Amino acid sequence: MTISKLPYQFDFSLRRHNTFGIDASAHAYLPVTSLEMLLVLRSDPDAARLQRLVLGGGSNLVLTQDFPGLVLHMCNRGREIVGADDDAVYVRAAAGENWHELVLWTLEQGLAGLENLSLIPGNVGAAPIQNIGAYGVELQERFHALTAIDMESGEILTLDRSACAFDYRDSVFKHRLRDRAVVLDVTFALPKRWQPALRYADVAQELDARKLMQPTARDISDAVIAIRTRKLPDPAVIGNAGSFFKNPIVTAVQRNALLEQHPQLVNYQQPNGSYKLAAGWLIDQCGWKGKNLGAAGVYEKQALVLVNRGGASGQDVVRLAQAVQADVMVKFGVTLEPEPIFI
Ligand SMILES: Cc1cc2nc3c(=O)[nH]c(=O)nc-3n(C[C@H](O)[C@H](O)[C@H](O)COP(=O)(O)OP(=O)(O)OC[C@H]3O[C@@H](n4cnc5c(N)ncnc54)[C@H](O)[C@@H]3O)c2cc1C
């Protein structure tokens, strides 16, 4: 098979392109710097036939095996203020921009709104895929629109918030547009009448400790960075993909039954009356915190994070995840759903 015209690389190691540090390779790899490259790719029948994986920073992936297809690594760059109205300033960033650098850049421009999402690894293009969220703010609250190409039809899509169907760690890109849409850029609406989001006790406590009673967006960003640095393993030091499981949502009836058996159950009421359980607490109660299975383990400071203890394969991570899920099911009757994408 010949796939030429574009600077493909073959038998490409993905070890440095996934934060778990799993040693897997791709049959073919292409760093994508423009829409034109994707259009050329579509017109090449050999390349178009290959299975595709769109890659950003690789911080939400578990590579369970070598990837037999073509990895499209989004490397397009650019960020700018594109407009303003009475309510918001609009900022557009290319998919290949680093997320945290974008957050810091908006703060340098005097624009508030993304500060609670500081230090989340990965790139801008992946942020809408699972509607990233942290410390009381989700991407959808600051999202205006995005541009994507539908690789099946070649159509350029402009999707607003409702078309993206955002939900808790979920969007249309995990369903109808899965394996079809490549996000090219994202536009954010940053509010002119900004209110600090201090719902999370951790953030409020950190600001309190810093004696910041009327924090600026920069103060909140600094506080979030400090909390995250204390709590989460740095992927550059110990491989991981952040929170490995979503916090399960249960009905009020299930939550009440669980609370009777486990009075310490950590749970949060949702606006629709359901309850979110703290997955990390459930895993901790099963005795997994700090334990290993083969070369994969459960992080000692936060049971929600699975880590690579050194040389773990994707299969090691899968085995550990399944063992944790099985124990939580036996003890609590609750299904834990993984957050990262398994490839
Ligand atoms: C230490 C750590 C902490 C984390 N904390 C958080 C957190 O607080 N909150 C949170 O929500 N997440 C968190 N994560 C998860 C991760 O950072 C986010 O999901 C992030 O958005 C993934 O970005 P990425 O560029 O690395 O995506 P990748 O891992 O490269 O890709 C993830 C998925 O998005 C798809 N994708 C990537 N780019 C595009 C594109 N341009 N177009 C279409 N599809 C695309 C991929 O195909 C894949 O399905 C954390 C991860 C780590 C390692």
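Structural data are supplied above this passage.
Rules and cut-offs
Residues numbered from 1 in each chain as written. Predicted model: local features only at pLDDT ≥ 70, side-chain atom pairs only at ≥ 80, totals over all residues. Heavy atoms only, no water. Helix = DSSP H or I, 4+ residues; strand = E, 2+ residues; numbered from the N terminus. Rg over C-alpha atoms; globule rule 2.2 N^0.38 Å. Buried < 20%, exposed > 50% of the residue type's maximum accessible area, 1.4 Å probe, protein only. Contact = heavy atoms within 4.5 Å. Near = heavy atom within 4 Å. Polar contact = N/O pair within 3.5 Å; in protein donor to acceptor, adjacent residues only side chain to side chain. Pairing = 2+ DSSP bridges. Axes fitted to C-alpha atoms, helices over the stretch in contact; angles between N-to-C directions. Phe/Tyr/Trp six-rings, centres within 6.5 Å; stacked < 30°, edge-to-face > 60°. Lys NZ or Arg CZ within 6 Å of the ring centre and 35° of its normal.

Student: Would you explain the overall build of the protein in this entry?
Tutor: Within the protein, the secondary structure is distributed over nine helices and 20 strands. Its C-alpha atoms give the protein a radius of gyration of 21 Å, within 12% of the compact-globule value 20 Å for 343 residues. Principal axes of the C-alpha set define a box for the protein whose edges measure 60 × 55 × 35 Å. Scored against the burial criterion, the 343 residues of the protein give a buried share of 53%. If you take every contact in the protein between residues at least 6 apart in sequence, the share linking residues at least 24 apart comes to 61%.

Student: Could you clarify how one ought to interpret the site of the ligand in this entry?
Tutor: The ligand sits among 35 residues. The nearest are Val54, Gly57, Ser59, Gly133 and Arg228. At 2.6 Å from an oxygen atom of the ligand is found a main-chain nitrogen or oxygen belonging to valine 54. At 2.7 Å from an oxygen atom of the ligand is found a main-chain nitrogen or oxygen belonging to glycine 56. The set of elements that each furnish at least two residues to the shell around the ligand consists of strand S3 (52–55), strand S8 (133–134), strand S12 (181–191) and strand S13 (239–243).

Student: Teacher, can you tell me more about the sheet that holds strand S2 (residues 25–32) here?
Tutor: Adjacent strands of a sheet pair through backbone hydrogen bonds, lying either parallel or antiparallel. Spatially, the four strands line up as an open sheet ordered S1-S2-S5-S3, and their pairing is mixed. The open sheet has two free edges, formed respectively by strand S1 (9–13) and S3, since each of these has just one partner strand. Between one strand axis and the next, the sheet turns through 40° on average, direction left out of account. Two strands pair when backbone bridges link them, and S1 and S2 are joined in this way by four bridges, in the antiparallel orientation.

Student: What's the story with the packing of aromatic side chains in this structure? I'm lost.
Tutor: Between two aromatic rings, the relevant description is the distance of the centres plus the angle of the planes. Under the counting rule described, the total for this entry stands at nine aromatic pairs. Relative to phenylalanine 245, the ring of phenylalanine 244 has its centre 5.2 Å away and its plane inclined at 70°; by these criteria the two rings are edge-to-face. Take phenylalanine 244 and phenylalanine 245: they sit in the same class, and that class is buried. A centroid spacing of 6.0 Å and a plane angle of 85° characterise the contact between phenylalanine 244 and phenylalanine 342, whose relative ring orientation is edge-to-face. Linking phenylalanine 244 in the loop between S13 and strand S14 (249–250) with phenylalanine 342 in strand S20 (residues 341–342), this pair joins segments that are 98 residues apart in sequence. Here the aromatic cluster, defined as three or more aromatic residues joined through ring pairs, consists of Phe20, Phe244, Phe245 and Phe342. Above the face of the tyrosine 275 ring, arginine 255 is positioned so that its terminal group lies 4.2 Å from the ring centre. Sitting over the face of the ring of tyrosine 168, lysine 276 holds its NZ or CZ atom 4.0 Å from the ring centroid.

Student: Which parts of the structure should I look at to understand the sheet that holds strand S19 (residues 305–308)?
Tutor: A sheet is described by the order of its strands in space; here four strands give the open sequence S13-S19-S18-S17, paired in antiparallel fashion. The outermost strands of the open sheet, each flanked by one partner alone, are S13 and strand S17 (292–293). Direction of pairing for S13 relative to S19: antiparallel, over a ladder of three bridges. The partner of glycine 239 across the bridge, within S19, is asparagine 308. Relative to the sheet, helix H9 (residues 314–332) contacts S17, strand S18 (296–298) and S19, its axis offset from that of S18 by approximately 35°.

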